[in-house]
Amino acid sequence: MRQGWEILPADTAESLSSRITDAFQRRHDQCFHHSQAAHPGLSIELRELQQYPGWWLGHLLTPVALYRICLPTSLPDAALPADWTAVEQQSTPCSGLGPLLPLRIPKLIGQAHLQYLPELGHFLLQPEVQSLLRYPDADAVFAAWGQVTSFRKMTRMKLEKQQQCDRRAFLRRILPVDK
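Residues numbered from 1 in each chain as written. Predicted model: local features only at pLDDT ≥ 70, side-chain atom pairs only at ≥ 80, totals over all residues. Heavy atoms only, no water.

K.L.:
Lay out unusual backbone geometry with the relevant residues and their values.
P.N.:
Residue Glu-48 is not a glycine yet carries a positive backbone phi of 55 degrees. Within the element layout of this structure, Glu-48 appears in strand 1 (residues 45-52). At Lys-107, a position not held by glycine, the phi torsion is positive, near 70 degrees. In this fold, Lys-107 is placed in the loop between strand 4 (100-101) and strand 5 (112-117). Its relative accessible area of 61% is what places Lys-107 among the exposed residues. (Helix = DSSP H or I, 4+ residues; strand = E, 2+ residues; numbered from the N terminus. Buried < 20%, exposed > 50% of the residue type's maximum accessible area, 1.4 Å probe, protein only.)

K.L.:
Account for the nonpolar core, with residues named and values stated.
P.N.:
If you look at the biggest cluster of nonpolar residues, it comprises 18 residues, and the most contacted ones within it are Ile-20, Phe-24, Leu-60, Ile-69, Leu-71, Leu-120 and Phe-123. At the level of elements, helix 1 (13-32), strand 1, strand 2 (55-61), strand 3 (65-72) and strand 6 (121-130) are the ones that each hand at least two residues to this core. When sequence neighbours within four positions are dropped, the list of residues in contact with Leu-120 reads Leu-8, Arg-19, Ile-20, Ala-23, Phe-24 and Leu-71. Among the nonpolar cores identified, the runner-up in size contains 16 residues, and Trp-5, Trp-55, Ile-105 and Leu-114 belong to it. (Core = buried A, V, L, I, M, F, W, Y, C linked by side-chain atoms within 4.5 Å. Contact = heavy atoms within 4.5 Å.)

K.L.:
Tell me what's going on with the pattern of salt bridges, and back it up with residues and numbers.
P.N.:
In the structure shown here, the tally under the stated rule is 3 salt bridges. Of the charged contacts, one joins Glu-45 and Arg-47 as a salt bridge, the two residues approaching to 2.6 Å between their closest N and O atoms. A relative accessible area of 22% means that Glu-45 is categorised as partly exposed. Residue Arg-47 is classed as partly exposed on the basis of its relative accessible area of 25%. The salt bridge involving Arg-47 is made with Asp-139; its shortest N-O contact spans 2.8 Å. Here the residue Arg-47 occupies a position in strand 1, and Asp-139 occupies one in helix 3 (residues 138-174), the gap between them amounting to 92 residues. Each of Glu-45, Arg-47 and Asp-139 takes part in salt bridges that share partners, so that together they form one network. (Salt bridge = Lys/Arg side-chain N within 4 Å of Asp/Glu carboxyl O.)

In structure tokens, the structure reads:
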């Protein structure tokens, strides 16, 4: 049963971007403004917001962490945990990351944490970079994450190439070669 999800109506990337950054700015001001984990030189920033089937995905920088944000545009194929209805979450506005949900989301590797904000409804966050105090600015945070994704992409390409070589070697052993 998938009842209880609060989903935003379809939106444009520009208006959704504004809604996301405004909502997270209010949340930061209310919950994390004086946190020692918050980077005082970073502001809320959303980059690469794109629409995929069933989802809006982007990279959300907050003074606390860089996240992959996933906003559903249709009802996800997972039940909400019992204590994650909109009403229950409105009474705990400063909660940390919610439970992990095993959803298939395009372009997302691994799972993401359920979240709720009244301005955004239910959505998911996947932490990408934490402990931001060592970075001088937003560009440095995004550059660090870019290095991680480049490394992952190269590793995947090497694995795929190795699998192709392994298949060829296997086929050469079992199939006769005409001379």
